[in-house]
Amino acid sequence: MPADGSGAGPRRLRLTDVQATSPTRTEALLAVAILGLVAAAIATEDAPTSQAALAGGFGVGLAGLLLVARRWTVPALLATAAGILGYYALELPPVGVAAPAAAILYVAAQRGRVVPAAAVGGSLLAVSVAARLVEGDDISVVIGAGLGSEAALILAVIALGDAVRNRRSLRVTLARQAASAAEERRREAARQVEAERLRIAREVHDTLGHTMSVVTLQSAVAREALADAEPERAEAALAAIHSVSGSAMAELRATLGTLRREPGPREPAPGFTQLRTLIEGVRRGGLPVELRLDGSVDALPTVVGSTVYRIVQEALTNVLRHAQATRATVTIRATPARLSVEVVDDGRGSTGRTAVETGQGLRGMSERVALLGGTLDAGETADGGFRVSVHLPLAGVAA
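Residues numbered from 1 in each chain as written. Predicted model: local features only at pLDDT ≥ 70, side-chain atom pairs only at ≥ 80, totals over all residues. Heavy atoms only, no water.

An unreviewed UniProt entry lists the protein chain under the name histidine kinase, from Micromonospora noduli. We quote the UniProt Catalytic activity (unreviewed entry) comment for the protein chain here in full: "ATP + protein L-histidine = ADP + protein N-phospho-L-histidine." (UniProt positions renumbered as here; feature names shortened; annotations may be inferred.)

Undergrad: Even after reading the chapter, I still don't get the overall build of the protein chain, so can you show me in this structure?
TA: On a plain count of helices and strands, the protein chain comes out with 12 helices and 5 strands. Evaluated residue by residue, the protein chain yields a buried proportion of 36% over its 399 residues. Across the protein chain, the fraction of contacts at a sequence separation of at least 24, relative to all contacts at a separation of at least 6, is 71%. Taken as a whole, the protein chain presents about 22300 Å² of accessible surface, with 60% of it coming from carbon and sulfur. (Helix = DSSP H or I, 4+ residues; strand = E, 2+ residues; numbered from the N terminus. Buried < 20%, exposed > 50% of the residue type's maximum accessible area, 1.4 Å probe, protein only. Contact = heavy atoms within 4.5 Å. Areas by Shrake-Rupley, 256 points an atom, 1.4 Å probe, with all protein chains shown as cover.)

Undergrad: I'm lost on the packing of aromatic side chains in this one. Help?
TA: Ring pairs (aromatic) are described by centroid distance and by the angle formed between their planes. On inspection of all chains with the given rule, the structure shows 0 aromatic pairs. Sitting above the plane of the Trp72 ring, Arg71 keeps its charged end 5.6 Å from the centroid. (Phe/Tyr/Trp six-rings, centres within 6.5 Å; stacked < 30°, edge-to-face > 60°. Lys NZ or Arg CZ within 6 Å of the ring centre and 35° of its normal.)

Undergrad: Just to check I follow, could you spell out a nonpolar patch on the surface for this structure?
TA: A surface patch of nonpolar side chains, amounting to about 260 Å² of accessible area, comprises Leu67, Val68 and Trp72. Mapped onto the fold, Val68 is located in the loop between helix H3 (49-67) and helix H4 (73-89). (Patch = residues over 30% accessible without salt bridge, like charges linked within 9 Å, V, L, I, M, F, W, Y side chains within 5 Å. Salt bridge = Lys/Arg side-chain N within 4 Å of Asp/Glu carboxyl O.)

Undergrad: What is the right way to look at the nonpolar core in this model?
TA: The nonpolar side chains of a soluble globular protein tend to be buried, and buried together. Val308, Val312, Leu316, Ile332 and Leu339 are the most contacted members of the largest nonpolar core, which has 34 residues in total. Elements supplying a minimum of two residues to this core: helix H10 (272-284), helix H11 (302-323), strand E2 (328-334), strand E3 (338-345), helix H12 (355-371) and strand E5 (386-393). Broken down by element, this core gets its largest block of residues, 8 residues, from H11. Dropping the residues within four chain positions of it, Ile332 is found in contact with Phe272, Leu275, Leu291, Arg292, Leu293, Asp294, Val297, Val308, Leu339, Ser340 and Val341. The next biggest cluster of nonpolar side chains, apart from the first, holds 25 residues, and it includes Leu66, Ile84, Ala102 and Ala117. (Core = buried A, V, L, I, M, F, W, Y, C linked by side-chain atoms within 4.5 Å.)

Undergrad: Where do I start with the pattern of salt bridges in this structure?
TA: Opposite charge on two side chains allows them to pair when their charged atoms are near. What the rule picks out here adds up to 9 salt bridges. The partner of Arg292 in a salt bridge is Glu290, and the shortest N-O contact between them spans 3.1 Å. Its salt-bridge partner being Glu342, residue Arg387 comes within 3.8 Å of it at the nearest N-O pair. Taken together, the residues span a long stretch of sequence, with Arg387 in strand E5 and Glu342 in strand E3 at a distance of 45 residues. Here the residues in one salt-bridge network are Glu183, Arg186 and Arg187, joined through shared partners.

Undergrad: Explanation requested: the UniProt feature "coiled-coil region" (unreviewed entry) in the protein chain in the structure shown.
TA: Per the UniProt record, "coiled-coil region" (unreviewed entry) is annotated on residues 172-199. From the first C-alpha to the last, residues 172-199 spans 40 Å; its make-up is 100% helix and 0% strand.

Undergrad: Help me understand the environment of Gly385, please; the structure alone is not making it clear to me.
TA: Mapped onto the elements of the fold, Gly385 is located in the loop between strand E4 (375-380) and E5. Using a relative accessible area of 1% as the deciding quantity, one classes Gly385 as buried.

Undergrad: Would you mind going over the sheet that holds E3 with me for this structure?
TA: For sheets, the rule is that strands pair by backbone hydrogen bonds, running either parallel or antiparallel. Taken in spatial order, the 5 strands line up as E1-E2-E3-E5-E4 in an open sheet, and their pairing is mixed. The open sheet has two edge strands, strand E1 (289-294) and E4, and neither has a second partner. Across this sheet, the average inter-strand angle for adjacent strands is 10°, counted without regard to direction. Alignment of E1 against E2, held across 6 bridges, turns out to be parallel. From the neighbouring strand, Val289 faces E2, where its bridge partner is Ala328. Sitting on the sheet, H10 is in contact with E1, E2 and E3, with an inclination near 155° to E1. (Pairing = 2+ DSSP bridges. Axes fitted to C-alpha atoms, helices over the stretch in contact; angles between N-to-C directions.)

This is the structure in structure tokens:
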């Protein structure tokens, strides 16, 4: 249980956490440099054995603090400053102030502790100057004998550490942005694949649904005509079956060609030009359909024409299959800003209609309309029939 009682359990240590707090090769090299600096000071001063041993112990301690500075940055920084002051309080061989502190100041700045590093570095310099003045050294000597170089060294290592941190942060940010962009591209590709899958499903559903409805109806007419010895009527029904089947095969070949990415010209998408042919085929199937056109549709975008064709096709297919209607009316009104489509029948309304109409059929129509930013309403009329009403905005739709 955690201390806050949240019940989340102890936090599992991740590999990235260990890497972030473990000493790096740089810290190890700096620790060796500190040991070398102390050793050089001992050798230069030819210190007694006791002082040499004590100075070596201090050197090992400072190096050890450097190795744990990534995990406990500020404590290691303060302990290093205290160690340097203690080193000089014991009058051990001089090693300077900035040099032994430079490594820990660099690590602290690299870890984002710029202000504590600057405060510790400035404090060490201030204590050093004050101590030498107390000892009676002339102020001009104190300031001129290395103070500028030590201050410059402290500022340089802090600036270097902060610059390294910023560069690493920038590299991490760029890597995250690249990963995010790659993920967004993957999602966009998945969305495009899903949109294409839905488009093909709608095309196949609309094409086969209408075709099978007409084939079923006309085959029943042909069978009845043959039974009544009416060869002309049977021939007309079979011709209608042949025509609608051929059109369906052409549409399916075009759809599957898109799916297979086959080269070569494609069948144009059905639109306003084929709308009259569609309605005429439904009429031959035995359902009187009236087409009312208000306004010009010649210059409308192809995608709008294709959407209108599929909506009328699906609505009339549902009338043929489920409504038991005696007539239907298709009304298209076109203005510069909007196109309205309405399909009304005098059949059974929504009573008894199957999921083909209330489920996949209306869903497919709604998806097509939504892609163009339009609206769709469907429901019973006042006299018991069924009405499908679509409104499509034309502003901003590419031709």
